[in-house]
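Notes for the structure review
This is what each chain is made of:
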Amino acid sequence: MKIALIAHDRKKEMIVDLAIAYQNILEQHDLYATGTTGKRIMEETGLSIHCFKSGPYGGDQQMGAMISEDALDLIIFLRDPLAPMPHEPDVSALIRLCDVYEIPLATNIGTAEVLLRGLDRGYLDFRKVIHKGKDKPISF
């Protein structure tokens, strides 16, 4: 499965802790992250992660492009809902694309843990998704 890891500044420590706690699950998948988040996770865990630019410099848009190309299967985006973000339109666009393409999205630690535990137990290992009226196979 292709998993994206994104976190706003005040949530970076939390996503690193999540990656440490669920390293045994994450290491079984292809991981992508925005710049600083990916680097911090790699430093702490040794996980192999493809890093894009930082969110405000286009990383969110790069992730959005992957979603629109059906190249991501799950996104963990730990957002800071209390801090204004100069790139909020990019964040909103990313969330909208997840809804359009039916990509599971966790925006908080509780949902992230549920998705990762479900992934580990095979609950997210479905074989087909009905998308735009057509059966579409998903590769994991």
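Residues numbered from 1 in each chain as written. Predicted model: local features only at pLDDT ≥ 70, side-chain atom pairs only at ≥ 80, totals over all residues. Heavy atoms only, no water.

1. Focus on the nonpolar core
One finds Ile-3, Leu-5, Ile-15, Leu-26, Ile-41, Ile-76 and Leu-116 to be the most contacted residues of the largest nonpolar core, which totals 24 residues. Going through the elements one at a time, strand 1 (2-7), helix 1 (12-21), helix 2 (23-26), strand 2 (30-33), strand 4 (74-78) and helix 6 (109-120) are the ones with two or more residues in this core. Apart from residues lying up to four places away in sequence, Ile-15 is in contact with Leu-5, Ile-6, Ala-7, Thr-37, Ile-41, Ile-76 and Leu-78. (Core = buried A, V, L, I, M, F, W, Y, C linked by side-chain atoms within 4.5 Å. Buried < 20%, exposed > 50% of the residue type's maximum accessible area, 1.4 Å probe, protein only. Helix = DSSP H or I, 4+ residues; strand = E, 2+ residues; numbered from the N terminus. Contact = heavy atoms within 4.5 Å.)

2. What to know about the sheet that holds strand 2
An order of 3-2-1-4-5 is seen for the five strands of this open sheet, with the pairing classed as parallel. Two strands in the sheet have a free side with no partner beyond their single neighbour: strand 3 (49-51) and strand 5 (105-106). Relative to strand 3, strand 2 runs parallel, the two sharing three bridges. Among the inter-strand pairings, Leu-31 is bridged to a residue of strand 3, identified as Ile-49. Its contacts with the sheet put helix 3 (residues 35-45) on strand 1, strand 2 and strand 3, and the angle it makes with strand 3 is roughly 150°. Those strands touched by helix 5 (residues 88-100) are strand 1, strand 4 and strand 5, and its axis lies near 150° from that of strand 4. (Pairing = 2+ DSSP bridges. Axes fitted to C-alpha atoms, helices over the stretch in contact; angles between N-to-C directions.)

3. A short note on the packing of aromatic side chains
With the rule as written, the count across this model stands at one aromatic pair. Geometrically, the ring pair formed by Tyr-32 and Phe-52 is stacked, given 6.2 Å between the ring centres and 15° between the ring planes. One end of the pair, Tyr-32, is in strand 2; the other, Phe-52, is in the loop between strand 3 and helix 4 (59-68), and 20 residues separate them in sequence. Pair check on accessibility: Tyr-32 and Phe-52 agree, each one buried. (Phe/Tyr/Trp six-rings, centres within 6.5 Å; stacked < 30°, edge-to-face > 60°.)

4. As for the pattern of salt bridges
In total, this model carries three salt bridges according to the counting rule given. Across the pair Asp-9 and Lys-12 runs a salt bridge, and its minimum N-O distance is 3.9 Å. Arg-10 serves as the salt-bridge partner of Asp-80, at 2.6 Å between the closest nitrogen and oxygen. Of the two residues, Asp-80 sits in the loop between strand 4 and helix 5 while Arg-10 sits in the loop between strand 1 and helix 1, which places them 70 residues apart along the sequence. Here Asp-80 falls in the buried class, since its relative accessible area comes to 7%. Taking relative accessible area as the criterion, Arg-10 reaches 60% and is therefore assigned exposed. (Salt bridge = Lys/Arg side-chain N within 4 Å of Asp/Glu carboxyl O.)

5. A short note on the confidence of the model for the protein
With 87% of its residues at a pLDDT of at least 70, the protein reaches an overall mean of 87. Confidence over residues 126-135 falls short of pLDDT 50; this stretch has 17 contacts with residues more than four positions distant or in other chains. (pLDDT = per-residue confidence, 0-100.)

6. Remarks on the pairing of strand 1
Counted residue by residue, strand 1 has five buried out of six residues, so it is predominantly covered. Across four bridges, strand 1 lies against strand 2 in parallel orientation. Bridging from a neighbouring strand, Leu-5 pairs with Ala-33 of strand 2. As defined by bridge partners, strand 1 adjoins strand 4 across five bridges and the pair is classed as parallel. In the strand pairing of strand 4, Ala-4 is matched with Ile-75.

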